[in-house]
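Examination of the molecular architecture
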Amino acid sequence: MTEVFADFPLAVFTTLATIGVGAYVTLAITYAYGKLSPEEYQKTAKFSVIPLAFMVVGVLASFFHLTNPINATNVFSTVGSTPMANEIIMLVVFGILAVIYWLAGGFAKMPGGTHKVIVAVLAVLGVVCCTFMGMAYMIAGVPCWNTLFTPISTIGFGLFGGTAVAMLVLAMSDVADRELDGSCANTVAGVNVLGFLMAVAGVIGIYVLASGSASALVDGGAAAGAMLPFVVISIILMVIGVGGTFMAVKVAPWKSVSIILIVVVVLAVFLARLAFYGMQIGIGL
């Protein structure tokens, strides 16, 4: 059981990064309904530092998985040649644009239409980043990872977890009650449910594949079985998270509620990621 924590930094990375970039999808949806004043767009842009911080902390955590963090710079020499290099480059591009938006949108006057366009681009890039994060683990030597369930799960984590973070941004900007109503609330809730379904399908799919995997050195079924508590608790927390988020979006999009939901979804995704890495330990050797 202790081997699962060998990839602890990567679990933190893929948890926080997917949730952080995924938050911009919900922000783009709320912006699309165009109910904000110029001052409210600016205030919301200032608080976009919250999902940006999730992504940055996640990326920094990944450095602790390297023997020498300086080696991270080598990724720039392999752009386009490996899924992992593409993943990092996309996150760098996303991060640069997100920082520009935070500074230009939050501390300078910018037309509402420009806010919408930039955040829409960030939303698309966020989904691409989540996709590449999943594709980076589609390794032939690890059968239960080398499946579409892997990118499906990371995209799901981004949409599912990002909703709660975006709700906090809107709540901190004092626009959540007005923005998250009617059609906008229905769309946000729908994206959150879609993310939940993708995340659960991915987690279960990978677990089933891991359970049936064979290894010359380790019993794949036993390795997967050891991760079952992580998988079960993760799914339970995801159910609580999607139900709570649905109610919060439709009824009470408050700061306190958003913070509680963020804790729940972060823990749910983190446990799922620990299980993911744990099932790799005894499989594909």
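Residues numbered from 1 in each chain as written. Predicted model: local features only at pLDDT ≥ 70, side-chain atom pairs only at ≥ 80, totals over all residues. Heavy atoms only, no water.

Quick notes on the overall build of the protein
Counting its secondary structure elements, the protein contains 11 helices and zero strands. In the protein, the succession of helices and strands from N to C terminus is α-α-α-α-α-α-α-α-α-α-α. Across the 285 residues of the protein, 53% fall into the buried class. Of all intrachain contacts in the protein linking residues separated by at least 6 positions in sequence, the fraction that spans at least 24 positions is 84%. Surface summary for the protein: the accessible area is close to 11,600 Å², and the carbon and sulfur share equals 76%. (Helix = DSSP H or I, 4+ residues; strand = E, 2+ residues; numbered from the N terminus. Buried < 20%, exposed > 50% of the residue type's maximum accessible area, 1.4 Å probe, protein only. Contact = heavy atoms within 4.5 Å. Areas by Shrake-Rupley, 256 points an atom, 1.4 Å probe, with all protein chains shown as cover.)

Description of the packing of aromatic side chains
Counted according to the given criterion, the structure contains 11 aromatic pairs. Ring centres of Tyr 31 and Tyr 41 lie 5.1 Å apart, and the angle between their planes is 90°; this geometry places the pair in the edge-to-face category. Placement of Tyr 31 in helix α1 (residues 8–32) and of Tyr 41 in helix α2 (residues 38–47) is noted, with a sequence separation of 10 residues between them. In this pair, the class of Tyr 31 matches that of Tyr 41, namely buried. Where Tyr 137 meets Phe 276, the ring centres are 5.5 Å apart and the plane angle is 85°; that geometry is what we call edge-to-face. With Tyr 137 in the loop between α5 (112–135) and α6 (149–172) and Phe 276 in helix α11 (residues 255–281), the pair connects residues that are 139 residues apart, well separated along the chain. This pair shows no difference in class: Tyr 137 is buried, exactly as Phe 276 is. Through a chain of ring-to-ring contacts, three or more aromatic side chains come together here, namely Tyr 137, Trp 145, Phe 276 and Tyr 277. Sitting above the plane of the Phe 276 ring, Arg 273 keeps its charged end 4.3 Å from the centroid. (Phe/Tyr/Trp six-rings, centres within 6.5 Å; stacked < 30°, edge-to-face > 60°. Lys NZ or Arg CZ within 6 Å of the ring centre and 35° of its normal.)

Concerning the nonpolar core
Core analysis: the largest hydrophobic core is formed by 94 residues, its most contacted members being Phe 54, Phe 94, Tyr 101, Leu 180, Met 238 and Met 279. With residues up to four places along the chain from it excluded, the contact list for Met 238 reads Phe 157, Phe 160, Phe 196, Ala 199, Val 200, Val 203 and Ala 268. (Core = buried A, V, L, I, M, F, W, Y, C linked by side-chain atoms within 4.5 Å.)

Notes on unusual backbone geometry
Here Asp 174, not a glycine, exhibits a phi torsion of approximately 60°, which is positive. Among the structural elements, Asp 174 can be located in the loop between α6 and α7 (176–179).

Some points on the pattern of salt bridges
Per the stated rule, a full pass over the model turns up two salt bridges. The residue Arg 178 makes a salt bridge to Glu 40 at a minimum N-O spacing of 2.3 Å. Of this pair, Arg 178 sits in helix α7 while Glu 40 sits in helix α2; the two residues are 138 residues apart in sequence, bridging distant segments of the chain. (Salt bridge = Lys/Arg side-chain N within 4 Å of Asp/Glu carboxyl O.)

Remarks on empty space enclosed by the protein
For the structure on display, the rule yields one cavity of 30 Å³ or more. Of the voids in this model, the largest cavity is the one considered here, and its volume is about 60 Å³. Surrounding the largest cavity, Ser 153, Phe 157, Gly 202, Val 203, Ile 206, Val 231, Ala 272, Arg 273, Ala 275, Phe 276 and Met 279 form its lining. Counting residues per element, the ones that place at least two in the lining of the largest cavity are α6, α8 (182–211) and α11. The element contributing the most residues to the lining of the largest cavity is α11, with five residues. (1 Å grid on protein atoms, 1.4 Å probe; cavity = no way out; pocket = protein on both sides within 12 Å on 5 of 7 lines; lining within 4 Å. Points joined across faces, edges and corners; volume = space filled by probe spheres on them.)

Concerning the side chain of Ser 173
Relative to the assigned elements, Ser 173 resides in the loop between α6 and α7. In this structure, Ser 173 is in contact with Lys 43, Thr 44 and Phe 47, ignoring residues within four places of it in sequence.

A look at a nonpolar patch on the surface
Taken together, Val 193, Leu 197, Phe 246, Met 247 and Val 251 make up a surface patch of nonpolar side chains, about 450 Å² in accessible area. Elements with a contribution of two residues or more to the nonpolar patch: α8 and α10 (228–250). In this structure, Leu 197 sits in helix α8. (Patch = residues over 30% accessible without salt bridge, like charges linked within 9 Å, V, L, I, M, F, W, Y side chains within 5 Å.)

Some points on the packing of α1 against α8
At a minimum axis separation of 10 Å, α1 and α8 run at an interaxial angle of 160°. The orientation of α1 with respect to α8, classified from their angle, is roughly antiparallel. α8 is crossed by α1, and the crossing has right-handed handedness. The residues of α8 that touch α1, namely those facing Val 25, Thr 26, Ile 29 and Thr 30, are Cys 184, Thr 187, Val 188 and Val 191. The residue makeup of the contact of α1 with α8, split by class, is five nonpolar, three polar and no charged. (Axes fitted to C-alpha atoms, helices over the stretch in contact; angles between N-to-C directions. Parallel < 35°, antiparallel > 145°, perpendicular 65-115°, else oblique. Left-handed = near helix turned anticlockwise from the far one by under 90°. Nonpolar A, V, L, I, M, F, W, Y, C, P; charged D, E, K, R; others polar.)

These results come straight from atomic positions and should not be treated as a statement about function.
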